[in-house]
Amino acid sequence: MLQRIQSVLLLLAILINFATLFVPMWQHSAGLDTEIVSGMRISSVDPISDEARQEFFYQHREPLKNIAHIAFFALVLISGIFTVYVIFRYDDRKKQIRLAYLSIGMIMIEILAFVLLTLQKPTLILGGTANSIALFGFAFPVAAIVLVWLAINRIKKDEELVRSIDRIR
């Protein structure tokens, strides 16, 4: 089970997907103020001392942003747990392929929830228009999708190998 390369790829996808909760994914900046959004919090960085002035752990002033952040967190957990389930469906490769495609869809919905979270106006910056940029953490869910897709290809190759061996018998 775990010695199969597709299981290792799915496990890496799970770890990378859970890492999205801890790495900075988006940055808003207006003047000297900077706001950094990650999967677990939104923090504002003081430009003089480089210390975090405020951090919110799902305690936003705006209810819609609070719901979007909680939805992103829940989708990361659900897609990670579901991908673990996909790993243990190794005995039925056709079902494992379908479930892995569903896992990709869940990760895409997770990305959509994060985009909806970040496209709202910045929480901590009070004045001016904010410049927004995606940080390196935004690539983590995309990397998880690529790893699940590679695992699907490996599962398909295993299925073809089993079918060819069955034809020989």
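Up top is the structure.
The notes below deal with the structure included here. What you see is a predicted model; the values in this text were computed from it and never measured.

### Structural notes on the side chain of Thr20
- Mapped onto the secondary structure, Thr20 falls in the loop between helix H1 (5-19) and strand S1 (24-30).
- Once you skip the residues sitting within four places of it in the chain, Thr20 turns out to touch Met25, Gly39, Phe72, Val76, Glu110, Gly137, Phe140 and Pro141.

### Description of the packing of helix H3 (residues 93-118) against helix H4 (residues 139-168)
- Across the interface, H3 lies against H4 with an axial gap of 10 Å and an inter-helix angle of 170°. When the interaxial angle is binned, H3 and H4 end up roughly antiparallel.
- Of the residues contributing to the contact of H3 with H4, the split by class is 16 nonpolar, 2 polar and 7 charged.

### A word on a nonpolar patch on the surface
- Judged by side-chain polarity, Ile5, Val8, Leu11, Leu12 and Leu15 come together as a nonpolar surface patch covering roughly 400 Å² of accessible area.
- Along the chain, Leu12 turns up in helix H1.
- Among the residues examined, Leu12 registers a relative accessible area of 39% and is labelled partly exposed.

### Details of the packing of aromatic side chains
- Per the stated rule, a full pass over the model turns up 4 aromatic pairs.
- Between the aromatic rings of Phe114 and Phe138, the centroid separation amounts to 5.9 Å while the plane-to-plane angle is 45°, which identifies the pairing as tilted. Highlighted residues: Phe114 in helix H3 and Phe138 in the loop between strand S5 (131-134) and H4, separated in sequence by 24 residues.
- Ring centres of Phe136 and Phe140 lie 6.2 Å apart, and the angle between their planes is 65°; this geometry places the pair in the edge-to-face category.

### Notes on H4
- Helix length check: H4, at 30 residues, gives a terminal C-alpha distance of 44 Å against a target of 44 Å (1.5 Å per residue), a fit within 8%.
- For H4, the complete set of buried residues consists of Pro141, Ala144, Ile145, Leu147, Val148, Ala151, Ile152, Ile155 and Glu159.
- Those residues of H4 that are buried are in contact with H1, S1 and H3.

What counts as what
Residues numbered from 1 in each chain as written. Predicted model: local features only at pLDDT ≥ 70, side-chain atom pairs only at ≥ 80, totals over all residues. Heavy atoms only, no water. Helix = DSSP H or I, 4+ residues; strand = E, 2+ residues; numbered from the N terminus. Contact = heavy atoms within 4.5 Å. Axes fitted to C-alpha atoms, helices over the stretch in contact; angles between N-to-C directions. Parallel < 35°, antiparallel > 145°, perpendicular 65-115°, else oblique. Nonpolar A, V, L, I, M, F, W, Y, C, P; charged D, E, K, R; others polar. Patch = residues over 30% accessible without salt bridge, like charges linked within 9 Å, V, L, I, M, F, W, Y side chains within 5 Å. Areas by Shrake-Rupley, 256 points an atom, 1.4 Å probe, with all protein chains shown as cover. Salt bridge = Lys/Arg side-chain N within 4 Å of Asp/Glu carboxyl O. Buried < 20%, exposed > 50% of the residue type's maximum accessible area, 1.4 Å probe, protein only. Phe/Tyr/Trp six-rings, centres within 6.5 Å; stacked < 30°, edge-to-face > 60°. Expected span 1.5 Å × (residues − 1).

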